[in-house]
Amino acid sequence: MGMVVAARLTGLRGEERGRKEATMSAGKVDEDRRKQIESDCVSEAWKIGAKSAATALGLAGAAVGGANYFFHGFRTSLGVSGKAALVVSPAFAMFWLYSELALHECSQKKQFELLEESRKT
């Protein structure tokens, strides 16, 4: 990659070469900034998703535990795997939903910030 860029730059005059190099280094900075933003967004989405999944797991576990304790029909009609599925499924769903929403919101916010930064320069 570097040799191709160098070969292309050798055909340019001095001032054009300087502008081309500045543009390529600015592109590298932008790419690094985008990767950092992506990493921040994924980290934020992971935290929000885990928090919502834990909340859903607690609520669903309490509901299934209460139903199992108080209702004989619930206790006898479902096996262990069915009860476990009733507890775990809302947790997975909440993790997926809230992490996707957080990723979308973060990417929109960060894209706006990048746009504002590019307008300032």
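Residues numbered from 1 in each chain as written. Predicted model: local features only at pLDDT ≥ 70, side-chain atom pairs only at ≥ 80, totals over all residues. Heavy atoms only, no water.

With that settled, consider the state of the cysteines. Taken as a whole and judged by the stated rule, the model has 1 disulfide. Disulfide pairing is shown between Cys-41 and Cys-106; the S-S distance is 2.2 Å. Classification of the bridge connecting Cys-41 and Cys-106 rests on its S-S torsion, roughly -80°, and on that basis the disulfide is left-handed. Residue Cys-41 is located in helix H2 (residues 14–70), and its partner Cys-106 is located in helix H4 (residues 80–120); the two are separated by 65 residues in the primary sequence. Comparing Cys-41 with Cys-106 shows no difference in burial state: the two are buried. (Disulfide = S-S within 2.5 Å. Helix = DSSP H or I, 4+ residues; strand = E, 2+ residues; numbered from the N terminus. Buried < 20%, exposed > 50% of the residue type's maximum accessible area, 1.4 Å probe, protein only.)

Our next topic: the layout of surface pockets. Here the largest pocket defines a volume of roughly 150 Å³. Residue lining of the largest pocket: Arg-34, Ile-37, Glu-38, Cys-41, Val-42, Leu-103, Ser-107, Lys-110, Gln-111 and Leu-114, and that is the complete set. Residue classes in the lining of the largest pocket are distributed as 5 nonpolar, 2 polar and 3 charged. (1 Å grid on protein atoms, 1.4 Å probe; cavity = no way out; pocket = protein on both sides within 12 Å on 5 of 7 lines; lining within 4 Å. Points joined across faces, edges and corners; volume = space filled by probe spheres on them. Nonpolar A, V, L, I, M, F, W, Y, C, P; charged D, E, K, R; others polar.)

Considering all chains together, one arrives at 2 aromatic pairs under this definition. Taken together, a centroid distance of 5.2 Å and an interplanar angle of 80° make the contact between Trp-46 and Phe-95 edge-to-face. Of the two residues, Trp-46 sits in helix H2 while Phe-95 sits in helix H4, which places them 49 residues apart along the sequence. Under the relative-accessibility criterion, Trp-46 is labelled exposed at 58%. Aromatic pair Tyr-69 and Phe-70: ring centres 4.9 Å apart, planes at 85°, arrangement edge-to-face. (Phe/Tyr/Trp six-rings, centres within 6.5 Å; stacked < 30°, edge-to-face > 60°.)

In short, shape yes, function no, at least from these values alone.
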